[in-house]
Amino acid sequence: MTTIERIEQPVALSPVPQPAHHLAGEDVPSAAQAAELKMSVHNLHCYYGDFMAVRNVSLEIPEGQITAIIGPSGCGKSTVLRTINRMNDLVPGFKATGSIMLDNEDILGPQADAIAMRRRVGMLFQRPNPFPTSIFDNVAYGLRIAGRMPRRQLAEIVERALERAALLDEVKDRLDRSALGLSGGQQQRLCLARALAVDPEVILMDEPCSALDPIATLRIEDLMRELAGTVTQIIVTHNMQQAARVSDATAFMLMGEGRAGELVEVGPTVELFRNPRDRRTEDYITGRFG
Amino acid sequence: MNRRLRRQNTVAIGVLRGMVGLLVALLVWILVTLLVAGWGELTRGGFYTGVPNIGGPGSGVGPQLFNTVYVLVLSMLIVLPIGLAGGIFFAEYAGTGRLANLLRRASETLATLPSIVVGLFGYAFFVQATHSHPSRLAAALSLSVINLPYVVRISEDALRALPPSLREGSLGLGATRWQTVYKVLLPAALPALITGAIIAAGRVFGEAAAILFTGSNFSLTAHSNYSLNPFDAGDTLAVNLYVFRIQAEPNVVTDARQYADGVAALLVVAVLLFNVGARLLGRVAVRRLQRTA
Amino acid sequence: MTDQGGGAIAPPAQGRSAAAVPGLRRRSRVIDRGARHVLLAGAGINVVLMALVVAFLLSRAWPTITDIGAKNFFASADWQPDAGIGFGVGAFGALAPILGSFLVVLLALLIAVPFALAVAVFVTDTNPGIGERYIRPAVEVFVGIPSVVYGYLGFITLLPLLRHIAPPGRGGAGILAAGVVLAIMIIPTVATISADGLNSVPRALREGSAALGATQWQTIRRVLLPAARPSILSGVVLGFARAMGEALAVALVIGDVNVIPDFGKEGLSALLEPFTTMTVAITDGVDKLAINPQGTAARYMLAVVLLVVTFISIILVRLVGGGRRRGRA
């Protein structure tokens, strides 16, 4: 079902078992936990220096599904996302406590290898950020830094990644041209292809459509639905309608005490939007603030 | 495979840091070597007041020190007004039109000229063409040619750094552009301009090639005797170091090495002082700017 | 709108200048226009000076072309410009100094560029904290040291060191010594410009590379350095120009001998044979400018060559430096 079709039809509950709809802090009966978890976040706190930006977030990320994190600006959702692939390691003074499980390993643990993890957990950024090289070199980058590979094999993987990102047809005869010559939407799909080339298990998306026009946005959302099943996706978005269109489960965050972001409520998207359990969620969804 | 990449990363960045460390160590070693070698002369009062007396005891750099300051001051007197005028023009009056671009390009080109080329030009223009002889005035003029693009640039930058509200406030009250510049902008930019002037002075302080061609008398012992006449020739400290090194035979003259070490050390000390001075003034300038903003 | 200055409606200053003394207003305008001309002159002096430099150097160098000929000048290595003083006949083949300049500068660049890039990357990416606090001031001190002092230091410390590995009887002066001294002098230039270039590579590119699982070194090597290439090349070209023009520091450590070292026979130890450069050849004649017209003209010719090298460098920087502007509005 394409995104356009989904908008017009009421969304049926996905056949895959959903995580339970619960408020933050509520204990989830393990019987309801039928979905396979790809990742889970436990008691995550994030600090920039002394400032706590995120307080005690716990979240389950079911495998193969699209999980959206929504909330008003500044509520810490990007911080959480960037902590999941440890991009915040690049920020001086950043600290995270708690644990983030990828399959069975805690990626925040002292033995964790962030670099290896980032090949399993890819990221799409708010603004497309292709390297100033050719389209081919962009997509091949992740493969080349992982080791040597014969050119033919490289080319096959590059083509396949571009295909999965629905970009191949548009660029297949100019793979050697600069990536900067593409339009915004194309560049973002290029970045998606770049991320897909290393065959990640999870893809994180930080408001990936905020710099794109509506048509390009819908194309990205279509791609997300196509990838669902094989790739686990977590998308941060300030656009509720997008979350409603695209995701299987949604988490709602809000800035709480001391300007630290907190998780309010999480559950299957349809339920969260139809029957929000927390007053604040309801206010946000109905547009009373944010 | 990941371990190999990690190791490459650690090694590469380690080598990088090592190279930087090596350079820092080199700098420290340069400063220490020169200061230690020249320490004896630097701490001897007679060094600053005496005159060159190679072959005999107690040589000093009095006249050269005086000349250095003399030529420096003379050059600053010439170049600061002109450079400031140019800087004001670029910051406040010129647009991005073709004329402005041409002027800027000329300034940048002038800035890239080697000082020895300017020295040769200085000889041809300030000395030969005027049918005169090497003089400190000619040296100062040559230094001005070298420094002019730099003074223009720092003046322009100092003015551009001022908040637009200053300009708007003044023009809004009916002042002409020149009045704005003269009464409002220049006073506000003064600390930055002074800092820039100090840095400009530091740049020509160590200049030797240009002065060699325009104001030197190439002699170890003949000196200007503290004369105030700009038409007299005279060596500055840096020129003296060069002339000395080239002309003096260290084996024949016993004091020679010590004397040269002293001159070199003195130059280094002066550079450090300039640096510190400019830095301190820079901080004052920033604070002043934040208050006007 | 006339106001005696006490009116409550119009702002006092405006009221006064608009109405009170028309003559004052006109005078301000005249001053303003006059000021513009004066300031334009100040800016225009740059162009005038540049033209004068070219004109004077060319005119003084011209006799070399007419009397000696371009072929003799550029192709012959027989350089005895001062032999003509008195009753001798001079020779004006400048091949050796020209070759020497390029060799010395090439060696200096080979040494300097890796170190300069290391410093640049250190300050922008691997250790920006230490970089800002210690390295930038250190670079400023490096830059401030007069070139004669570098030359002198090379003379008293580097040459004795090289004497140990030089061919017997040689003092250690030569291309290697000059290359090392010049390298130290141009590292700040190349490093500063490269660092600016690295800083202007958008953060998003660093993030994109890291998110794909690259190590920091991989990001530096594969993304940052290539992206900053225009700036790095600019820095290298400017370092080249600066090194070509350096006179006294080189003069103190190169030995000033007009014999082209025989690399074929001696291999690398020819780098320890004394040699010369264009700037050294010019500096040699400084005390004979008035009394040796032909030699002086030949030296002016060398200055013209240096001028051409400078101009070509500037053009190269413009071509290669891409869109990097120095922050002018």
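It should be emphasised that the depicted structure is a prediction, and the values quoted were computed from it without experimental measurement.

Undergrad: Even after reading the chapter, I still don't get the overall build of chain A, so can you show me in this structure?
TA: Counting its regular elements, chain A contains 11 helices and 11 strands. The buried share of chain A, reckoned over its 290 residues, is 47%.

Undergrad: It is not clear to me how helix 8 (residues 177–205) of chain B should be interpreted in this structure. Could you clarify?
TA: The α-helix advances 3.6 residues per turn, and as a result positions three or four apart in sequence lie on the same side. End to end, helix 8 of chain B covers just 35 Å across 29 residues, shorter than the expected 42 Å (1.5 Å per residue, more than 12% under). The largest bend along helix 8 of chain B measures about 60° and falls at L190 of chain B, with the proline P191 of chain B one to four residues further on.

Undergrad: Explanation requested: the domain arrangement of chain C in the structure shown.
TA: You'll often see interface size given as the accessible area lost when the parts meet. Residues and elements named next belong to chain C. Each assigned domain of chain C is listed with its residue range as follows: domain 1 (15–68) and domain 2 (73–327). Relative placement of domain 1 and domain 2: their C-alpha centres are 35 Å apart. On the domain 2 side, the residues contacting the 9 residues of domain 1 number 10 residues.

Undergrad: Sorry, what's going on with the confidence of the model for chain A here?
TA: A low pLDDT score tells you not to read the predicted coordinates there in detail. Residue and element names in this part refer to chain A. The predicted model of chain A has a mean per-residue pLDDT of 87, with 89% of residues at 70 or higher. Predicted confidence in chain A is weakest over helix 1 (residues 3–8), with a mean pLDDT of 48, and strongest over strand 8 (residues 202–206), with 96. Low pLDDT (under 50) marks residues 6–15, which in the prediction has 8 contacts with non-local residues, meaning those over four places away or in another chain.

Undergrad: Where do I start with the interface of chain B and chain C in this structure?
TA: Contacts between the two partners involve 69 residues from chain B and, on the opposite side, 71 residues from chain C. Of the residues forming the side of chain B that touches chain C, the biggest block, 16 residues, is contributed by helix 1 (residues 2–42) of chain B. Residues belonging to the side of chain B that touches chain C are distributed by class as follows: 50 nonpolar, 14 polar and 5 charged.

Undergrad: What should I look at first to understand the environment of Y134 of chain C in this one?
TA: For Y134 of chain C, the position within the fold is in helix 5 (residues 128–144). For the pair Y134 of chain C and V123 of chain C, spaced 11 residues apart in the sequence, the C-alpha separation amounts to 9.6 Å.

Undergrad: I keep staring at the pairing of strand 3 (residues 51–62) of chain A and nothing clicks. Help me out?
TA: Every regular strand shows the same layout, with side chains that alternate between the two sheet faces. Residue and element names in this part refer to chain A. Alignment of strand 2 (residues 37–48) against strand 3, held across 8 bridges, turns out to be antiparallel. Directly across from V41, in strand 3, lies its bridge partner L59. Here strand 2 hands over to strand 3 after 2 residues, with G49 in that stretch at a positive phi of 65°.

Each value, and the rule that gives it
- Residues numbered from 1 in each chain as written.
- Chains lettered and ligands numbered in written order.
- Predicted model: local features only at pLDDT ≥ 70, side-chain atom pairs only at ≥ 80, totals over all residues.
- Helix = DSSP H or I, 4+ residues; strand = E, 2+ residues; numbered from the N terminus.
- Buried ≥ 20, exposed ≤ 12 C-beta atoms within 10 Å, placed from the backbone.
- Expected span 1.5 Å × (residues − 1).
- Bend = angle between axes of the 7 residues up to and from the residue.
- Domains from an automatic or database assignment.
- Contact = placed C-beta atoms within 7 Å.
- pLDDT = per-residue confidence, 0-100.
- Nonpolar A, V, L, I, M, F, W, Y, C, P; charged D, E, K, R; others polar.
- Pairing = 2+ DSSP bridges.

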